[in-house]
Each structure stands twice: as C-alpha cells, then as structure tokens.
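Take a look at the letters that make up each chain.
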Amino acid sequence: MDHAADTFRTDLMTITRHVLNEQSRHPESRGDLTILLSHIVLGCKFVASAVNKAGLAKLTGLAGETNVQGEEQKKLDVLSNEVFVNALVSSGRTCVLVSEEDEKATFVDPKLRGKYCVCFDPLDGSSNIDCGVSIGTIFGIYMIKNQDTVTLEEVLQPGKDMIAAGYCMYGSSCTLVLSTGNGVNGFTLDPSLGEFIMTHPDIKIPPKGKIYSVNEGNAKNWDTPTAKYVEKCKYPTDGSSPKSLRYIGSMVADVHRTLLYGGIFLYPADKKSPSGKLRVMYEVFPMSFLME
Ligand code: AHM
Ligand code: MG
C-alpha cells in the first residue's frame, strides 16, 4: 500500500515556519522582520492571483478597456504597487519605501513607522505581462538607525548593508526566493493551501553553466570587451562547446534560471543606456545579494 508521504509532502516547511526558525537563531529578535516578511508574502500572493486573472479577464474582454464610466482599468503594475505599498505600510515595520513605480520615496506616517526601509519593483518585466510570460516582484530590505529622523540620504545605503532580499516569480509556478543573510531558499506557492512551501532549500548557483543570457539586439551599442565576450560564448576558442542563449526579458525569470542552472545573465551598459538599464536599488542590489 502507498504511504501518503510517498505522494504528498506531509511535513511542510512553509515560508512562515522557515522565517520563524531563522528568527529563533537571534534570541534578541522581537520578530519585526518576520512580521514585515509576512506582509511581503501576502503582497506576492495577491499579485500572483491578479497575474493569473489578468489574462483571463482580457480574453473575455472584461479588462484593458475604458469602461462606460470613462474609468481606465488599472494596469497590473499600478495595482501591484498599491498592494505592496499598503502591505508594507500596514505592517507597521517600515519607515521608508522606494518603489520603481513611484517617482519619490514614501515616508511612512510616523504613527505607523518601524525600522526598515524596503526598496522594491512591484512588477518587473512589464513588457511580458500581456503575453503571459513570467514576470516578478523584487525586494531588498535595509535597517534604518533612527526611524523618526530618517532622511533620503540614509536610504542610499550600499547593497552589502542589505539585511534581506528576495524575489517572487509569477511563472509556470509561483516561486519565492528569499535570503535573510544565511543562505538562499526557494518556496513554491501551493495555490490550494495558499502557502509558500520550501521546495528549493539552500540554493547554490552551479559553478559552471552552459547558458548566456543577454539582449543581443543591443549588440551594436556595446563596448568592445562586452561584444568580444558574447562572441566567445558563441564561438569558443578553447575547444569547448558554444553556450546556449536564453533570454526572457524579465530579470526575475532570467536570474532565477541562472541561479538554478548556472551560466551568466548580463545587461551591460551601452551607448543607449550608459549606466545600464537595470536600476541599482530595487533590481540589481537585491539580485546581487541573492547571487552572492
Ligand atoms: P521594467 O522594470 O520596465 O519591467 O524593465 C526591467 C526589465 C528587466 O526585467 C529585464 O531584464 C529588462 O528590463 C529587459 O529589457 P529589454 O527589453 O531591453 O531586453
Ligand atoms: Mg523593473
């Protein structure tokens, strides 16, 4: 007879259980980060559900058009931003929020302030929304010394000072990858339970990979070293096999694949974007934190 445990996971390491375990390693902790993370997880669940419905609604003509009242349907990225801002503010653990969707940083009402600053891109890879290709949320968390007097300058901390970072990929499954500084773990959303369950413990990027990932359409604007490097991926001179090209155009998905399969993902600076296209605070720093 089959044991249930052969078919089902019966000892579920939910993301909450994992974060609480991590918390218990710091006896002085009051659980603020745990509470903040649980609000971020809620935001991810909401966006996952909205992303799933967006395609359906469009197919049946219910979304994307101006309705009879002349109201414009909210775009998914604006909706996601609202969800995360509300989730982060209501956690009572944040003092400053920096979102890709907002021109200015949000300073939380002093009554609701906590010690964390969160930099996030609520829905990255927007060009992939309408065709149902993977998109994601990216976040990085910093601690602020004095929440009451916090200034914008204090928010501009180096990436190495981040205390936690993660991303959630809305793809063929919904996967949340998180690090609070002690290893990187991946959790998959079980829609029937509404819980993220640990499916990728202690992720380590393979030391060598067979994939390179870059928007080659930008090649004419690259500098010589970048162009030479990519050329070598295709025409290796050391007798090795050429690398495969994979490029989704959603950083979360391209980084996720790189983390699991190895290889390289790059978005180099070029003549068109001399400082690179990806934004350092809510895209590059959190992803670099996880990669390291
Ligand atoms: P977005 O924040 O407007 O969605 O842009 C960021 C995205 C990244 O996810 C991705 O790596 C990159 O832009 C793709 O850019 P391109 O379409 O130029 O290849
Ligand atoms: Mg983005």
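An unreviewed UniProt entry lists the chain under the name fructose-bisphosphatase, from Aegilops tauschii subsp. strangulata. On record in UniProt, under Sequence similarities (unreviewed entry), the comment for the chain is "Belongs to the FBPase class 1 family." Under the heading Catalytic activity (unreviewed entry), UniProt records this for the chain: "beta-D-fructose 1,6-bisphosphate + H2O = beta-D-fructose 6-phosphate + phosphate".

### Things to note about the site of ligand 1
By nearness alone, 13 residues border ligand 1, and Gly125, Ser126, Asn215, Gly249 and Met251 come closest of all. Elements represented by at least two residues in the shell around ligand 1 include exactly β3 (116-124) and α7 (251-261). Class assignment for the residues of the shell around ligand 1 results in two nonpolar, six polar and five charged. There are two domains that each give the shell around ligand 1 at least three residues, and those are domain 1 (15-203) and domain 2 (211-291).

### Comments concerning the domain arrangement of the chain
For the chain, the assigned domains read domain 1 (15-203) and domain 2 (211-291). Here the C-alpha centre of domain 2 lies 25 Å away from the C-alpha centre of domain 1. Each partner contributes residues to the interface: domain 1 has 27 residues there, and domain 2 has 18 residues. When residues of the side of domain 1 that touches domain 2 are traced back to their parent elements, those giving at least two are β3, β4 (135-143), β5 (164-170) and β6 (174-179).

### Side note on the pairing of β3
Here β3 lies mainly inside the structure; nine of its nine residues are buried. Sheet topology note: the strand β1 (residues 94-99)/β3 ladder contains five bridges and is parallel. From the neighbouring strand, Val98 faces β3, where its bridge partner is Cys119. Here seven bridges tie β3 to β4, and the two strands are oriented antiparallel to one another. Bridging from a neighbouring strand, Asp121 pairs with Ile138 of β4.

### Some remarks on the nonpolar core
Tyr116, Cys117, Val118, Ile141, Tyr170, Leu176 and Val252 are the most contacted members of the largest nonpolar core, which has 62 residues in total. Tallying contributions element by element places helix α3 (residues 32-59) first for this core, with 10 residues. Split by domain, the residues of this core number at least three in each of domain 1 (15-203) and domain 2 (211-291). Once residues within four sequence positions are removed from consideration, Val252 is found in contact with Asp124, Gly125, Ser134, Ile135, Gly136, Ile138, Tyr167 and Met169.

### Focus on α7
Summarising burial for α7: nine of the 11 residues are buried, a large majority. All of the buried residues along α7 are Met251, Val252, Ala253, Asp254, Val255, His256, Arg257, Thr258 and Leu259. Phi turns positive, to about 85°, at Gly262, one or two residues after α7.

### Details of the UniProt feature "domain: Fructose-1-6-bisphosphatase class 1 C-terminal" (unreviewed entry) in the chain
The positions that UniProt labels "domain: Fructose-1-6-bisphosphatase class 1 C-terminal" (unreviewed entry) are, in the present scheme, residues 205-292. Taken end to end, residues 205-292 comprises 39% helix and 8% strand; its first and last C-alpha atoms sit 9 Å apart.

### Comments concerning the sheet that holds β1
With mixed pairing, the eight strands of this open sheet are ordered in space as β2-β1-β3-β4-β5-β6-β7-β8. In this open sheet, the two edge strands, each paired with only one partner strand, are β2 (106-107) and β8 (195-200). Bridging between β4 and β5 involves seven bridges; their strand directions are antiparallel. Paired with Gly136 across the two strands is Met169, which belongs to β5. Along the sheet, helix α8 (residues 280-291) makes contact with β1, β3, β4, β5 and β6, crossing β4 at roughly 80°.

### Re the sheet that holds strand β11 (residues 264-265)
Backbone-to-backbone hydrogen bonds pair the strands of a sheet. The strands run either parallel or antiparallel. In space, the three strands of this open sheet follow the order β10-β9-β11, with parallel pairing throughout. Looking at strand neighbours, the two that pair on one side only are β10 (244-245) and β11, the edges of this open sheet. Direction of pairing for strand β9 (residues 211-213) relative to β11: parallel, over a ladder of two bridges. Bridge pairing in β11 links Tyr212 to Ile264.

### Some details on the pairing of strand β7 (residues 185-190)
Bridge analysis of β6 against β7 gives four bridges, and the strand direction is antiparallel. From the neighbouring strand, Val177 faces β7, where its bridge partner is Gly186. Here β6 folds back onto β7 in antiparallel fashion, the turn holding five residues, of which Gly181 has a positive phi close to 100°. The pairing of β7 with β8 spans five bridges and is classified as antiparallel. What sits directly across from Leu189, in β8, is Phe196. What sits between the antiparallel neighbours β7 and β8 is a turn of four residues, in which Gly194 has the positive phi angle 70°.

Analysis parameters
Residues numbered from 1 in each chain as written. Chains lettered and ligands numbered in written order. Predicted model: local features only at pLDDT ≥ 70, side-chain atom pairs only at ≥ 80, totals over all residues. UniProt positions renumbered as here; feature names shortened; annotations may be inferred. Near = placed C-beta within 6 Å. Helix = DSSP H or I, 4+ residues; strand = E, 2+ residues; numbered from the N terminus. Nonpolar A, V, L, I, M, F, W, Y, C, P; charged D, E, K, R; others polar. Domains from an automatic or database assignment. Contact = placed C-beta atoms within 7 Å. Buried ≥ 20, exposed ≤ 12 C-beta atoms within 10 Å, placed from the backbone. Pairing = 2+ DSSP bridges. Core = buried A, V, L, I, M, F, W, Y, C linked by C-beta atoms within 7 Å. Axes fitted to C-alpha atoms, helices over the stretch in contact; angles between N-to-C directions.

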